[in-house]
Amino acid sequence: MDVRIENTWKEKLNNEFEKEYFIRLSDFVKNEYKSATIYPPGSLIFNAFNLCPFNSIKAVIIGQDPYHGPGQAHGLCFSVRNGVAFPPSLINIFKEIQSDLDLPRPVSGNLERWASQGVLLLNATLTVREHLAGSHQKKGWEEFTDSVITIINNEKKNVVFFLWGAYAQKKGESIDRSKHLVLESVHPSPLSASRGFFGNKHFSKCNDYLMEHGVEPVDWR
């Protein structure tokens with residue numbers, strides 16, 4: 001199957017695109033776009049990969065679903081387009097960055113600036129129906145993104161994985177802690193952030209680890 005995705009990822013994932021589950025997933029997603037309002041726009045489904053080539057990866061943030069409100073999702077977990085109001089979890093991410101690194105809160109919630117530095121902003125499920133959280137779960141996306149994580153785990157070293165909340169932690173269970181840094185805490189959602197997300201200092205820990213291994217740190221502004 002010919003999937004439009006950045007070339008280094010295409011090379012790594014070509015076998016995945018030919019598997020029966022992915023063909024079924026592709027048919028399901030195509031039909032959904034024809035019959036309902038789906039986010040993100042079709043051209044941005046693989047935006048996280050297109051903005052962060054495999055060879056560039058230094059960190060991975062694992063989310064769950066794309067945002068399901070109009071104009072928000074653009075293929076990067078936790079990120080929204082320029083000019084869109086910050087969702088609550090993103091506000092809390094910026095609060096922790098401000099506390100951890102003494103950086104001012106940015107004017108835009110568009111995290112393409114992180115992706116371009118080698119941060120893969122990976123949702124477990126890459127599409128969703130408008131106003132229906134979880135509507136495209138258990139259709140095959142999770143198997144696909146599990147394979148992405150496995151490939152990164154096996155073929156790279158010294159990558160920092162951010163696992164916020166039980167869902168992301170379960171998804172990252174197989175990551176080899178002897179060759180990568182895994183940072184875990186509760187989710188930045190307002191429901192849980194005060195129970196261990198605030199004060200986790202994940203962003204400085206990430207940069208300290210990268211620099212220890214001769215990798216350029218991430219500018220988290």
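Our structure is the block above this text.
Below you will find a few notes about this structure. Just so it is clear, the structure is predicted and the values come from calculations on it, not from any experiment.

### Some thoughts on the side chain of Ser147
Tracing the sequence through the fold places Ser147 in helix H6 (residues 141-155). Given the relative accessible area of 15%, Ser147 is considered buried. If we ignore the near neighbours within four places in the chain, the residues touching Ser147 are Glu16 and Tyr21.

### Section: the state of the cysteines
One pass over the structure, following the stated rule, counts 0 disulfides. Of the cysteine sulfurs around Cys52, a residue in no disulfide, the closest is that of Cys77, at 11 Å. Classification of Cys52 by relative accessible area gives buried; the value is 0%. With relative accessibility at 0%, the residue Cys77 sits in the buried group.

### With respect to the packing of helix H4 (residues 88-101) against helix H8 (residues 202-212)
Following both chains from N to C, one finds H4 and H8 inclined at 60°, their axes separated by 8 Å at the closest point. By the criterion of interaxial angle, the relationship of H4 to H8 is oblique. Residue-level contacts link Ile93, Glu96, Ile97, Asp100 and Leu101 of H4 to His202, Phe203 and Ser204 of H8. Partitioning the contact of H4 with H8 into residue classes produces 4 nonpolar, 2 polar and 2 charged.

### Some thoughts on the pattern of salt bridges
Considering all chains together, one arrives at 7 salt bridges under this definition. One salt bridge in this structure joins Lys19 and Glu16, with 3.2 Å as the shortest N-O distance. Taking relative accessible area as the criterion, Glu16 reaches 8% and is therefore assigned buried. Between Glu184 and Arg177 there is a salt bridge, and its shortest N-O distance comes to 3.5 Å.

### With respect to unusual backbone geometry
Glycine aside, residues mostly have negative phi, and peptide bonds are mostly found in the trans state. In this chain, Tyr39 is followed by Pro40 through a cis amide linkage whose omega measures -5°. In this fold, Pro40 is placed in the loop between strand S1 (38-39) and helix H3 (47-51). With a phi angle near 60°, Lys138 is a residue other than glycine that sits in the positive phi range. For Lys201, which is not glycine, the phi dihedral falls at a positive 55°.

### Details of the environment of Lys171
Structurally, Lys171 can be placed in helix H7 (residues 166-171). In this structure Lys171 comes out as buried when scored by relative accessible area, which is 11%. In this structure the C-alpha to C-alpha distance between Lys171 and Ile97, which are 74 residues apart in sequence, comes to 24 Å. Sequence-distant contacts of Lys171, that is, excluding residues within four places in its chain, are made with Ile62, Ala124, Glu142, Thr145, Asp146 and Ile149.

### Notes on the nonpolar core
Nonpolar side chains in soluble globular proteins tend to be buried together. With 66 residues, the main nonpolar core has Phe49, Leu120, Phe144 and Trp220 as its most contacted residues. With 6 residues, H6 is the single largest residue contributor to this core. Discounting residues that sit within four places of it in the chain, Leu120 has contacts with Trp9, Ala48, Phe49, Cys52, Ile57, Ala59, Val60, Ile61, Val148 and Ile152.

### Some words on the packing of helix H2 (residues 20-35) against H6
For the pair H2 and H6, the least separation of the axes is 9 Å and the interaxial angle reads 125°. With respect to each other, H2 and H6 are oriented oblique. The chirality of how H2 crosses H6 is left-handed. Where H2 approaches H6, its residues Tyr21, Phe22, Leu25 and Val29 are matched on the opposing element by Trp141, Glu143, Phe144 and Ser147. Here the contact of H2 with H6 is composed, by residue class, of 6 nonpolar, 1 polar and 1 charged.

Criteria and cut-off values
Residues numbered from 1 in each chain as written. Predicted model: local features only at pLDDT ≥ 70, side-chain atom pairs only at ≥ 80, totals over all residues. Heavy atoms only, no water. Helix = DSSP H or I, 4+ residues; strand = E, 2+ residues; numbered from the N terminus. Buried < 20%, exposed > 50% of the residue type's maximum accessible area, 1.4 Å probe, protein only. Contact = heavy atoms within 4.5 Å. Disulfide = S-S within 2.5 Å. Axes fitted to C-alpha atoms, helices over the stretch in contact; angles between N-to-C directions. Parallel < 35°, antiparallel > 145°, perpendicular 65-115°, else oblique. Nonpolar A, V, L, I, M, F, W, Y, C, P; charged D, E, K, R; others polar. Salt bridge = Lys/Arg side-chain N within 4 Å of Asp/Glu carboxyl O. Core = buried A, V, L, I, M, F, W, Y, C linked by side-chain atoms within 4.5 Å. Left-handed = near helix turned anticlockwise from the far one by under 90°.

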